Amino acid sequence: MLDNLTQRLSRVVKTMRGEARLTEANTQDMLREVRMALLEADVSLPVVRDFVAKVKERALGQDVAGSLNPGQALVGVVHKELTALMGGDLGEEASELSLATQPPAVILMAGLQGAGKTTTTGKLAKWLSEGAHTQGGRKTGKKKVLVVSADVYRPAAIEQLRTVAEQVKVDFLPTDTSQKPEQIATAALDHAKRHHYDVLIVDTAGRLGIDDAMMQEISALHGLLKPIETLFVVDAMQGQDAVNVARAFADALPLTGVVLTKLDGDARGGAALSVRHVTGKPLKFVGVSEKLDGLEPFHPERMAQRVLG
Ligand code: GDP
């Protein structure tokens, strides 16, 4: 069983009664527990180090004489910093999709094979076509959505997107695996313009690991499509590996946001913190089910709570 952060901290909190200030000495045990708990929640080591250093800096010297317990004051600092690092410092609108452009607004989906790109494409298509999208906290109405797959390597992936599109009742543009991804993208953009779609979502090929050919292909697609949103889709269950994958995608593409999938698994959500740290981009959505309504906007505060346990 994972020992969660809250439990770990409450044990230390008990030993800290009666202290008037948070000091190097009396926060040491506590910070060690924070470090252990974050590592157990799958946050990567460099991120944990940065985080603990930041909490320490904020906490030291804080006058906690008025607090019920200085340990609790430190827990408060941890919670606040965790929320900020998850993107709470960016404000609510950071997690919204930006579609404010001359239609069609293009959304490019990036990520490894199996991360959940096709499923998320379907979920987003449903989200947008049913009018759940908000801008500045306000709903912006139902969008006319077209989805297309630029995965010419796996005909099954194209079929999967067709099925998903049927299920969520949005238009699917068939593609031919003899075409090049760039041709597919150009044709899809042209089709979306001519038929007045509000949004075009382009699902792309993923590989099992990061490879140069994949990165070159998706950056070429990015250059052609000039998407307003380039979303990096990553599996929360991937844990620490998510960091390397995120870094490779963030280096190759100007990402605008992240979708963290499979949070319904037993992932503690530590990947969210690592991916946010590495990409510097806001998490926009989380996938919470394999069903096509299993998409939720990302809430930094809730994710901090999940990591805290
Ligand atoms: P792609 O290769 O990146 O397009 O990945 P897929 O969309 O095919 O997803 C891979 C697998 O993960 C499928 O079995 C999906 O049903 C599943 N999946 C995707 N998102 C979620 C999610 O949020 N929760 C769960 N439980 N499963 C998901």
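Residues numbered from 1 in each chain as written. Predicted model: local features only at pLDDT ≥ 70, side-chain atom pairs only at ≥ 80, totals over all residues. Heavy atoms only, no water.

A closer look at the UniProt feature "domain: SRP54-type proteins GTP-binding" (unreviewed entry) in the chain
Under the convention used in this document: UniProt positions are given in the numbering used here, feature names are shortened, and annotations may be inferred rather than shown by experiment. A run of H or I in DSSP counts as a helix once it spans at least four residues, and a run of E counts as a strand once it spans at least two, with each numbered from the N terminus.
With numbering aligned to this structure, UniProt lists the feature "domain: SRP54-type proteins GTP-binding" (unreviewed entry) at residues 282-295. Here residues 282-295 runs as 0% helix and 43% strand, with 16 Å between its end C-alpha atoms.

Topic: the packing of helix 9 (residues 241-252) against helix 10 (residues 270-279)
The test is simple: Axes here mean lines fitted to C-alpha atoms, for a helix over just the part in contact, with angles spanning 0 to 180 degrees between N-to-C directions. Under this scheme an angle from 65 to 115 degrees is roughly perpendicular, one under 35 degrees roughly parallel, and one over 145 degrees roughly antiparallel; angles in between are oblique. Left-handed is the label given to a crossing in which the near helix is rotated counterclockwise from the far helix by less than a right angle, and right-handed is the label when the rotation is clockwise. Residues count as neighbours in contact if any of their non-hydrogen atoms are within 4.5 Å of one another. Three residue categories are used. Nonpolar comprises Ala, Val, Leu, Ile, Met, Phe, Trp, Tyr, Cys and Pro, charged comprises Asp, Glu, Lys and Arg, and polar comprises the others, including Gly.
The geometry of helix 9 relative to helix 10 is characterised by a closest axis approach of 9 Å and an angle of 30° between their N-to-C directions. With respect to their mutual orientation, helix 9 and helix 10 come out roughly parallel. The hand of the helix 9/helix 10 crossing is right-handed. Seen from helix 9, the contacting residues are A242, V243, A246, R247 and A250; seen from helix 10, they are A271, S274, V275, V278 and T279. Across the contact of helix 9 with helix 10, the residue classes tally to seven nonpolar, two polar and one charged.

Quick look at the nonpolar core
Here is the rule we go by: Remark: nonpolar core denotes a set of buried residues (Ala, Val, Leu, Ile, Met, Phe, Trp, Tyr, Cys) joined through side-chain atoms within 4.5 Å. Any residue under 20% of the maximum accessible area for its type is buried, any over 50% is exposed, and the rest in between are partly exposed; the area is computed with a 1.4 Å probe on protein chains only.
One finds L200, L225, F232, F249 and L260 to be the most contacted residues of the largest nonpolar core, which totals 75 residues. With residues near it in sequence (within four places) discarded, F249 still touches A110, G111, L112, M214, M215, F232 and L255. Core analysis: the next-biggest nonpolar cluster, separate from the first, contains 27 residues, W127, V147, V168 and F172 among them.

Some words on the site of the ligand
Our working definition: One heavy atom within 4 Å of a molecule or strand makes the whole residue count as near it. Each polar contact in these results corresponds to two N or O atoms within 3.5 Å; when the atoms are within protein, one needs to be able to donate a hydrogen and the other to accept it, and residues that are neighboring in sequence are counted only if both atoms are side-chain atoms. Using a 1.4 Å probe, the Shrake-Rupley method yields the accessible areas, and only the shown protein chains count as cover for residues.
For the ligand, the set of nearby residues contains 17 residues, the closest of which are G114, K117, T118, T119 and D264. Note that an oxygen atom of the ligand is positioned 2.7 Å from one of the backbone N or O atoms of K117. Contact between the ligand and D264: a nitrogen atom at 2.6 Å from a side-chain N or O atom of the residue. Considered on its own, the ligand offers 580 Å² of accessible surface; in the complex 79% of this is hidden by protein. The greatest single-element share of the shell around the ligand, amounting to four residues, is contributed by helix 5 (residues 117-129). Grouping the amino acids of the shell around the ligand by side-chain chemistry returns three nonpolar, eight polar and six charged.

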